[in-house]
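One-letter residues, chain by chain:
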Amino acid sequence: MTRWTKERVAERFEEAVLTLRRLPSVKVPGYFSVWPEVIRSEMEILQQDKLPFKLGAPLPDAIDRLDQVLQWVLWIEVDERKLVWLRARGVPWKPICLRLGVNRTTAWRRHSEALSKIAQKLNNITL
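Residues numbered from 1 in each chain as written. Predicted model: local features only at pLDDT ≥ 70, side-chain atom pairs only at ≥ 80, totals over all residues. Heavy atoms only, no water.

Participant: Describe the packing of helix H1 (residues 6–22) against helix H3 (residues 60–72), listing the residues and the values that go with them.
Facilitator: For any two helices packed against each other, one specifies the inter-axial angle together with the distance between the axes. Interhelical geometry of H1 versus H3 gives an angle of 120 degrees and a closest axis separation of 9 Å. What the angle tells us is that H1 and H3 run oblique. Regarding H1 and H3, the two cross each other, and that crossing is left-handed. From H1, Val9, Arg12, Phe13, Glu15, Ala16, Thr19 and Leu20 reach across to H3, where they touch Ala62, Ile63, Arg65, Leu66, Gln68, Val69 and Trp72. The class makeup of the residues in the contact of H1 with H3 is 9 nonpolar, 2 polar and 3 charged. (Axes fitted to C-alpha atoms, helices over the stretch in contact; angles between N-to-C directions. Helix = DSSP H or I, 4+ residues; strand = E, 2+ residues; numbered from the N terminus. Parallel < 35°, antiparallel > 145°, perpendicular 65-115°, else oblique. Left-handed = near helix turned anticlockwise from the far one by under 90°. Contact = heavy atoms within 4.5 Å. Nonpolar A, V, L, I, M, F, W, Y, C, P; charged D, E, K, R; others polar.)

Participant: Pulling in residues and values, what's your account of the packing of H1 against helix H4 (residues 78–88)?
Facilitator: Contact geometry of H1 with H4 gives a least axis separation of 8 Å together with a crossing angle of 70 degrees. Here H1 lies roughly perpendicular to H4, going by the angle between them. Facing Phe13, Glu14, Ala16, Val17 and Leu20 of H1, the residues of H4 in contact are Val84, Trp85 and Ala88. Within the contact of H1 with H4, the residues separate by chemical class into 7 nonpolar, no polar and 1 charged.

Below, the structure is given as structure tokens:
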């Protein structure tokens, strides 16, 4: 078995974000509309904005890996969780630094330490 590294942990978080995006949206039961459905003409349909490309449901293996990642976040502090998820979503460092009130070097160091904690814990579990 290969050892876990910060990079592998970060990749798994990025995959988890993509898997979360592919899950169906949650709708609160019990709410519905009594308005009749709007019937649009052919011209109105052609002039509508195109819907974004929708990916299919995630594979069961991806959901299993997502479940693992959701367990990993319990090993780090709340601020570290926010930081790791923001970076996995591809948020640039500048908005992260503004949100957390730290400079880029500090944010990068905390992100790296959080990933290292997870990798170290995973390596200890697999040994």
